[in-house]
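A look at the structure
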Amino acid sequence: MSLSAAEKPLIAVLKGADCSPPPVWFLRQAGRYLPEYRELRRESPDFLALCNTPELAARITLQPVDRFAVDAAIVFSDILIVPHGMGRTVRFLEGEGPYLTPLRCQADIDALDAEGAVEKNRSLMETLRLVRRKLDGRTALIGFAGGPITIAAYMIDGSGGAFPATKRLIKDDPGLVDRLVARLADAVTGLLLAEVEAGADAVQIFDSWAGLLDDDVSFARWCVSPTRRIVARVRDVHPRIPVIGFPRGAGRRYAEFARGTGIHALQVDQDVPLDMMRDLQSICPVQGNLDPGILLAGGEAMRRRAQSIVTGLSGGSHVFNLGHGIIKDTPPSHVADLVNAVRS
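These notes cover the structure that comes with them.

Among the nonpolar cores identified, the biggest contains 128 residues, and L10, W25, F26, L180, L266, F320 and L338 are the most heavily contacted of them. Not counting chain neighbours up to four residues away, the residues in contact with L10 comprise P23, W25, D71, A72, A140, I142, Q287 and V319.

So, on to the sheet that holds strand 4 (residues 140-146). Whenever strands of a sheet pair, they do so through backbone hydrogen bonds, lying parallel or antiparallel. Read from one edge of the open sheet, 7 strands run 1-4-5-6-7-8-9, paired in parallel fashion. Only two strands of the sheet have a single partner each, and these edge strands are strand 1 (72-74) and strand 9 (318-322). Mean inter-strand twist for the sheet, computed between neighbouring axes without regard to direction, equals 25°. Alignment of strand 6 (residues 243-247) against strand 7 (residues 265-267), held across 2 bridges, turns out to be parallel. Note that in strand 7 the partner of G245 across the bridge is L266. Across the sheet, helix 12 (residues 216-237) touches strand 5 (202-207) and strand 6, and the angle it forms with strand 5 is around 165°.

If you check helix 16 (residues 299-312), its first and last C-alpha atoms are 20 Å apart, about what 14 residues at 1.5 Å a residue would give, namely 20 Å. Where helix 16 is concerned, the buried positions are M302, A306, I309, V310 and G312. Where helix 16 is buried, its residues contact helix 14 (274-281), strand 8 (286-290), helix 15 (292-297), strand 9 and helix 17 (332-343).

A few words on the environment of P332. Along the polypeptide, P332 turns up in helix 17. Note on P332: relative accessible area 18%, which makes it buried. For the pair P332 and R67, spaced 265 residues apart in sequence, the C-alpha separation works out to 9.0 Å.

Here helix 9 (residues 148-157) crosses helix 11 (residues 174-197) at 120°, and the two axes come no closer than 9 Å. Viewed along their axes, helix 9 and helix 11 adopt a mutual orientation that is oblique. Where helix 9 crosses over helix 11, the two elements pack in a sense that is right-handed. Residues P148, I149, I151, A152, M155 and I156 of helix 9 lie in contact with helix 11, whose contacting residues are V177, L180, V181, L184, A185 and V188. Residues belonging to the contact of helix 9 with helix 11 are distributed by class as follows: 12 nonpolar, no polar and no charged.

In terms of burial, strand 9 is largely enclosed, as 5 of its 5 residues are buried. On strand 9, burial covers both faces: H318, F320 and L322 on one face and V319 and N321 on the other are all buried.

Our next topic: the environment of G199. Looking at the secondary structure, you find G199 in the loop between helix 11 and strand 5. For the pair G199 and A140, spaced 59 residues apart in the sequence, the C-alpha separation amounts to 9.8 Å. Sequence-distant contacts of G199, defined by excluding residues within four places in its chain, comprise R132 and L141.

What follows is about the side chain of D108. Structurally, the position occupied by D108 is in helix 6 (residues 106-110). The class of D108 is buried, set by a relative accessible area of 18%. In contact with D108, other than residues within four places in its own chain, are R88, P102 and L103.

Parameters and conventions
Residues numbered from 1 in each chain as written. Predicted model: local features only at pLDDT ≥ 70, side-chain atom pairs only at ≥ 80, totals over all residues. Heavy atoms only, no water. Core = buried A, V, L, I, M, F, W, Y, C linked by side-chain atoms within 4.5 Å. Buried < 20%, exposed > 50% of the residue type's maximum accessible area, 1.4 Å probe, protein only. Contact = heavy atoms within 4.5 Å. Pairing = 2+ DSSP bridges. Helix = DSSP H or I, 4+ residues; strand = E, 2+ residues; numbered from the N terminus. Axes fitted to C-alpha atoms, helices over the stretch in contact; angles between N-to-C directions. Expected span 1.5 Å × (residues − 1). Parallel < 35°, antiparallel > 145°, perpendicular 65-115°, else oblique. Left-handed = near helix turned anticlockwise from the far one by under 90°. Nonpolar A, V, L, I, M, F, W, Y, C, P; charged D, E, K, R; others polar.

Structure (structure tokens):
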């Protein structure tokens with residue numbers, strides 16, 4: 001399928017076009033590695049307050065677009081706005097990451113306000129509208145949300161890491177996990193639909209901790225099944241909006257995820273080899289997967305690796321990206337160099 005001149009390159013590729021060079025954007029492209037972001041953070045040290053201030057969040061969203069002319073802006077927000085909107089306490093501790101009041105029982109689930117994931121995050125929709133007005137006709141706008149099991153893990157353990165409480169609950173009370181994941185799937189669906197209505201050209205589901213589901217049955221139950229439910233609903237309401245799925249750490253289960261969820265495109269992490277990515281292209285467009293550590297190091301090795309990814313996936317639908325987010329110590333000059341390498 002060829003690229004139409006009227007289409008945004010990223011959206012065309014997510015729908016199955018072959019574009020050379022491929023469109024390029026980066027996970028966590030708006031963030032701490034950019035001096036202009038750090039300047040705004042000094043003015044607004046409360047991370048959640050920053051996410052909830054549309055004028056500032058829009059400026060941050062546009063910073064990498066203005067600096068690198070990447071093919072997409074991904075709205076500046078966080079996956080934990082979902083539990084925050086549903087009524088759970090969420091705090092971001094500087095240098096330590098997020099902290100949530102741990103969820104422990106059915107009563108905690110019953111108290112969750114599923115509609116709050118949208119109603120209490122209306123500032124995110126205003127951010128999307130502000131960014132939409134600033135973008136040109138070729139730059140796509142991406143909205144996103146966390147995958148239900150990833151959000152659930154943060155809610156059960158109260159923080160990131162090895163998620164021991166989540167693993168215990170999966171073993172001891174899987175029915176409770178089912179109920180929490182189902183509630184979160186509804187909330188995530190509502191948030192993604194609202195993001196599309198606010199101007200997103202595509203949405204991505206970040207199941208960043210899907211890898212903690214270490215057997216096929218658990219992966220199908222708490223990653224594939226709820227994602228399929230979300231994607232089906234988004235397709236029903238907005239059939240032309242691409243949905244990108246990212247079950248990070250899925251390994252050999254990426255193909256199962258792609259086939260079983262109905263996603264339009266598949267983001268993969270840096271541990272997925274190039275030949276496996278080529279196989280995945282026969283299922284759907286792929287997005288990824290340069291190691292962020294290679295970007296951090298930069299130089300000729302980075303350029304060679306980028307060129308090998310582009311060449312190895314040519315002839316199929318591919319969006320160039322990283323396998324995970326940009327590392328905070330990455331020099332912005334390395335990002336500019338990488339964009340040039342991909343486009344050359």
